[in-house]
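Structural overview for review
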Amino acid sequence: MQYTEVDFLVMPPEPWRDLLLVELMDLGYEGFEETPHGLKAYVASGQFDQLAVDRMLVMRDPHVTITCTVRVVPDINWNARWEQDFQPVEVDGQVLVRAEFHPRREGYRHEIVITPRMAFGTGHHATTRMMMRSMLGLSWAGQVVCDLGCGTGVLAILAEQLGASKVLAIDIDPVAVENARHNVDLNDCQLVTVEKGGTQLEQGGGYGTILANIERNTLVKAMPDLAGALAEGGSLLLSGFVVGDKHLMAVAAEQQGLELAEEQEEGEWAFQRWVKHIAR
């Protein structure tokens, strides 16, 4: 199969390169390579659509300038590509995320083995690390958890390892669902179920914790569903948005009666943890 390589020049690169990657994944792009000044993205040539690229939100953002060049390339061995680039990730000396071909390392409370397969969420990105960092400080015993936009399933796997009693991992991308199921089995998880779906969670679902590492617009739109699915006293962990959007996220969460309990920043990226009021 022939692939089309789209080489994006992004000025400035951060945080726009990552936002560009997210939108390209929605268009079916299968591989990505960061460059000093942007991003190379790969898609099956039959799926390449220049108009769809031009219509992406990030391409029309006035705060960034993005240009691209396009060329057709031969077959690409994706497994070889990510094996070459994928390095183990550690979070706060407590969590190690590695691939099967990496040797085990002693001294970590939690070890997660991941085969990315183009799905988002290996721990390399700041948003995933901040989610994990917050998770390490919470109580999980008996928790019913939802990992929304689960990607590789890495957060769902960590939730089970931390003591959650039941974890539902959801992603709208069938490739991510297949990948997450593979990783759940790889880590011998017994309490994680992976399903294909969107953000329309069952109201009154009683989740003690909802993990949502997705892009800003989806989070804002889904906030009523997320708040309605939380149990009283439950936590909503949000990331996938930049520091400049913290106020926007706060307005959406506060409109649903949620209280801010924690914030983090790493580079251009932000994290917030919101708690649902306990009725008195």
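Described below are features of the structure shown in this document. (Residues numbered from 1 in each chain as written. Predicted model: local features only at pLDDT ≥ 70, side-chain atom pairs only at ≥ 80, totals over all residues. Heavy atoms only, no water.)

1. Details of helix α6 (residues 174-186)
Our working definition: Numbering of helices and strands runs from the N terminus, with a helix taken as a DSSP run of H or I at least four residues long and a strand as a DSSP run of E at least two residues long. Expected span, for any helix, means 1.5 Å times one less than how many residues it has. A contact between two residues is defined here by any heavy atoms of the two lying within 4.5 Å.
Helix length check: α6, at 13 residues, gives a terminal C-alpha distance of 18 Å against a target of 18 Å (1.5 Å per residue), a fit within 8%. Summarising the contacts, the buried residues of α6 are in contact with β7 (110-113), α5 (154-162), β9 (166-171) and β10 (192-196). Directly beyond the C-terminal end of α6, a positive phi value near 55 degrees is found at Asp 188.

2. Remarks on the side chain of Ser 235
For clarity, the threshold we go by: Exposure classes here rest on a 1.4 Å probe applied to the protein chains alone. A residue is buried below 20% of its type maximum, exposed above 50%, and partly exposed in between.
Position of Ser 235 relative to the elements: it lies in strand β12 (residues 230-242). Judged by its relative accessible area of 9%, Ser 235 is buried.

3. What about the sheet that holds strand β3 (residues 38-44)?
Basically, it comes down to this: For two strands to be treated as a pair, DSSP must find at least two bridges joining them. Axis geometry follows a simple rule: fit a line to the C-alpha atoms, using only the stretch in contact for helices, then measure angles between N-to-C directions, giving values from 0 to 180 degrees.
Pairing is antiparallel across the open sheet formed by four strands, whose spatial order is β2-β3-β1-β4. Only two strands of the sheet have a single partner each, and these edge strands are β2 (31-35) and β4 (65-73). For this sheet, the mean inter-axis angle between neighbouring strands, taken without regard to orientation, is 20 degrees. The sheet contact formed by strand β1 (residues 3-11) and β3 spans seven bridges and is antiparallel. Bridge pairing in β3 links Thr 4 to Val 43.

4. Brief notes about the side chain of Glu 23
Applied cut-off: Positive residues here are Lys and Arg, negative ones are Asp and Glu, while His and the chain termini are left out of the count. A carboxyl oxygen of Asp or Glu within 4 Å of a side-chain nitrogen of Lys or Arg is what we treat as a salt bridge.
Here Glu 23 shows up in helix α1 (residues 16-26). No salt bridge is formed by the buried Glu 23. Its closest oppositely charged neighbour is Arg 60, at 6.6 Å. With sequence-adjacent residues up to four places away left out, Glu 23 is seen in contact with Met 56, Leu 57 and Val 58.

5. Quick notes on the sheet that holds strand β8 (residues 144-148)
Taken in spatial order, the seven strands of this open sheet run β10-β9-β8-β11-β12-β14-β13, and their pairing is mixed. Strands with a single pairing partner mark the edges of an open sheet, and in this sheet they are β10 and β13 (258-266). On average, each strand axis in the sheet is tilted by 15 degrees relative to the strand beside it, whichever way the strands run. Where β9 and β10 come together, five bridges link them in parallel fashion. Bridge pairing in β10 links Asp 171 to Lys 196.

6. Overview of the pairing of strand β11 (residues 207-213)
Basically, it comes down to this: Here, the term right-handed applies to a crossover whose path from the first strand over the helix to the second runs clockwise when the strands point away from the viewer.
Taken across its seven residues, β11 has seven buried, putting it largely inside the fold. In this sheet, β11 lies alongside β8 in parallel orientation, the contact comprising four bridges. Note that in β11 the partner of Leu 148 across the bridge is Ala 212. For β11 and β12, the ladder comprises six bridges, and the chain directions are parallel. Bridging from a neighbouring strand, Ala 212 pairs with Leu 238 of β12. This β-α-β element, β11 to helix α7 (residues 216-229) to β12, shows right-handed connectivity.

7. Quick look at the pattern of salt bridges
By the definition in use, this model includes 11 salt bridges. Between Glu 5 and Arg 71 there is a salt bridge, with its nearest N and O atoms 2.8 Å apart. One end of the pair, Glu 5, is in strand β1; the other, Arg 71, is in strand β4, and 66 residues separate them in sequence. Given the relative accessible area of 5%, Glu 5 is considered buried. Close ionic contact of Arg 133 with Asp 92 constitutes a salt bridge, the shortest N to O distance being 3.2 Å. Of this pair, Arg 133 sits in helix α4 (residues 126-135) while Asp 92 sits in the loop between β5 (89-91) and β6 (95-98), and the two are 41 residues apart along the sequence. The exposure class assigned to Arg 133 is partly exposed, which follows from its relative accessible area of 28%. The partly exposed category is assigned to Asp 92, whose relative accessible area is 44%. Salt bridges sharing common partners tie together Asp 92, Arg 129, Arg 133 and Glu 266.

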